[in-house]
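Each chain, written out:
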Amino acid sequence: AQKITQTQPGMFVQEKEAVTLDCTYDTSDQSYGLFWYKQPSSGEMIFLIYQGSYDEQNATEGRYSLNFQKARKSANLVISASQLGDSAMYFCAMRPGTLSGSARQLTFGSGTQLTVLP
Amino acid sequence: KAGVTQTPRYLIKTRGQQVTLSCSPISGHRSVSWYQQTPGQGLQFLFEYFSETQRNKGNFPGRFSGRQFSNSRSEMNVSTLELGDSALYLCASSPNRVENEQYFGPGTRLTVT
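Given the structure is predicted, the values throughout are model-derived calculations rather than measurements. (Residues numbered from 1 in each chain as written. Chains lettered and ligands numbered in written order. Predicted model: local features only at pLDDT ≥ 70, side-chain atom pairs only at ≥ 80, totals over all residues. Heavy atoms only, no water.)

Peer 1: I would appreciate a short explanation of the sheet that holds strand β8 (residues 74-78) of chain B in the present structure.
Peer 2: Strands pair in a sheet through their backbones, by hydrogen bonds, and they do so in one of two ways: parallel or antiparallel. All names here are of chain B. Strand order in the open sheet made by the four strands is β1-β3-β8-β7, with antiparallel pairing throughout. On the outer flanks of this sheet lie β1 (5-7) and β7 (64-68), each paired with one strand and no other. Neighbour to neighbour, the strand axes of the sheet diverge by 20° on average, direction disregarded. Judged from the three bridges that link them, β1 and strand β3 (residues 19-24) form a sheet pairing that is antiparallel. By the bridge assignment, Gln-6 is partnered in β3 with Cys-23. (Pairing = 2+ DSSP bridges. Helix = DSSP H or I, 4+ residues; strand = E, 2+ residues; numbered from the N terminus. Axes fitted to C-alpha atoms, helices over the stretch in contact; angles between N-to-C directions.)

Peer 1: What's the story with the interface of chain B and chain A in this structure? I'm lost.
Peer 2: A common way to report how large an interface is uses the accessible area buried once the components associate. Listed by partner, the interface residues are 25 residues for chain B and 19 residues for chain A. In this assembly, chain B and chain A are joined by one salt bridge. Salt-bridge contacts for A:Arg104 lead to B:Glu48; the nearest nitrogen and oxygen are separated by 3.8 Å. Listed by contribution, the elements that provide at least two residues to the side of chain B that touches chain A are β4 (31-38), β5 (42-50), β6 (53-57), β9 (87-94) and β10 (103-104) of chain B. (Contact = heavy atoms within 4.5 Å. Salt bridge = Lys/Arg side-chain N within 4 Å of Asp/Glu carboxyl O.)

Peer 1: Even after reading the chapter, I still don't get unusual backbone geometry, so can you show me in this structure?
Peer 2: Glycine aside, the phi torsion of most residues is negative, and most peptide linkages are trans. At the junction of B:Thr7 and B:Pro8, the peptide bond is cis and its omega measures out at -15° in the coordinates. By the element assignment, B:Pro8 lies in the loop between β1 and β2 (10-13). One non-glycine residue, A:Lys16, adopts positive backbone phi at about 80°. Locating A:Lys16 in the fold gives a position in the loop between β2 (10-14) and β3 (19-21). In this model, B:Glu52 sits at a positive phi of 70°, which is unusual for a non-glycine residue. Relative to the elements of secondary structure, B:Glu52 occurs in the loop between β5 and β6. Exposure remark for B:Glu52: the relative accessible area of 47% places this residue in the partly exposed category. (Buried < 20%, exposed > 50% of the residue type's maximum accessible area, 1.4 Å probe, protein only.)

Peer 1: Whenever I open this one, the pairing of β7(B) confuses me. Can you help?
Peer 2: A regular strand carries its side chains on alternate faces of the sheet. Residues and elements named next belong to chain B. Where β7 and β8 come together, five bridges link them in antiparallel fashion. Bridged to Gly-66 within β8 is Met-76. The turn joining β7 and β8, which pair antiparallel and follow one another in sequence, is formed by five residues; a positive phi near 75° is taken by Ser-72.

Peer 1: Looking at this model, I keep getting lost on the packing of aromatic side chains. Mind explaining?
Peer 2: In this description, an aromatic ring pair is defined by two values, namely the gap between the centres and the angle between the planes. The final tally for this structure, using the stated rule, is 16 aromatic pairs over all chains. Seen from their ring centres, A:Tyr37 and B:Phe104 are 5.1 Å apart, and the 85° between their planes marks the pair as edge-to-face. Of the two residues, A:Tyr37 sits in strand β5 (residues 33-39) while B:Phe104 sits in strand β10, which places them in two different chains. Taken together, the ring pairs in this structure connect A:Phe35, A:Tyr37, A:Phe47, A:Tyr50, A:Phe91, A:Phe108, B:Tyr35, B:Phe45, B:Tyr103 and B:Phe104 into an aromatic cluster. One Lys or Arg, A:Arg63, reaches over the ring of A:Tyr64 and ends 5.6 Å from the middle of that ring. (Phe/Tyr/Trp six-rings, centres within 6.5 Å; stacked < 30°, edge-to-face > 60°. Lys NZ or Arg CZ within 6 Å of the ring centre and 35° of its normal.)

The following block contains the structure:
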């Protein structure tokens, strides 16, 4: 079974500063994938970034980067130069290995509510 | 390219009724997954359909069912609604053989009274 833990229910950051949202995971799979999604108050889940367990480089997408530490089983999201529009709920999620037959079944953490202050 | 669409966006039903929600995936995507989001349980996987076949199912009672059509559009049905079924239902579409991409729709917010 897979488990995702997000220990920060809420975070505040000043506009233009960087912020790190924590995510730790537990799995017995050797192959797996990690996602981060943003969910504004409208409800839609917006894909931000993906990291495969065998990817040697940390994933980056614009202002988003994923600090992947495999030995520590952590996959923290770093948002640089925060903007007011970044205020939202952020979810870390994991998928099992592609050979498991359930590679699209995501397990989500409980989320972190990020508030960007002007 | 159009994104994932879900209809209706909002729905109010009475306990005991049934409901059908619809999801149209991104063009070319053949996998559709459904999730339930509640304040108490968070986001939970319901089921995944690929090429009209249910490939995986989460831990939900048999009142929750789904299907997928030949054009990849999917529906989920909840029969005998309970108050606890009030939730945001999200569907996600994914391309074939690509497990690192899942794109979600705006969701259907179901309220059961």
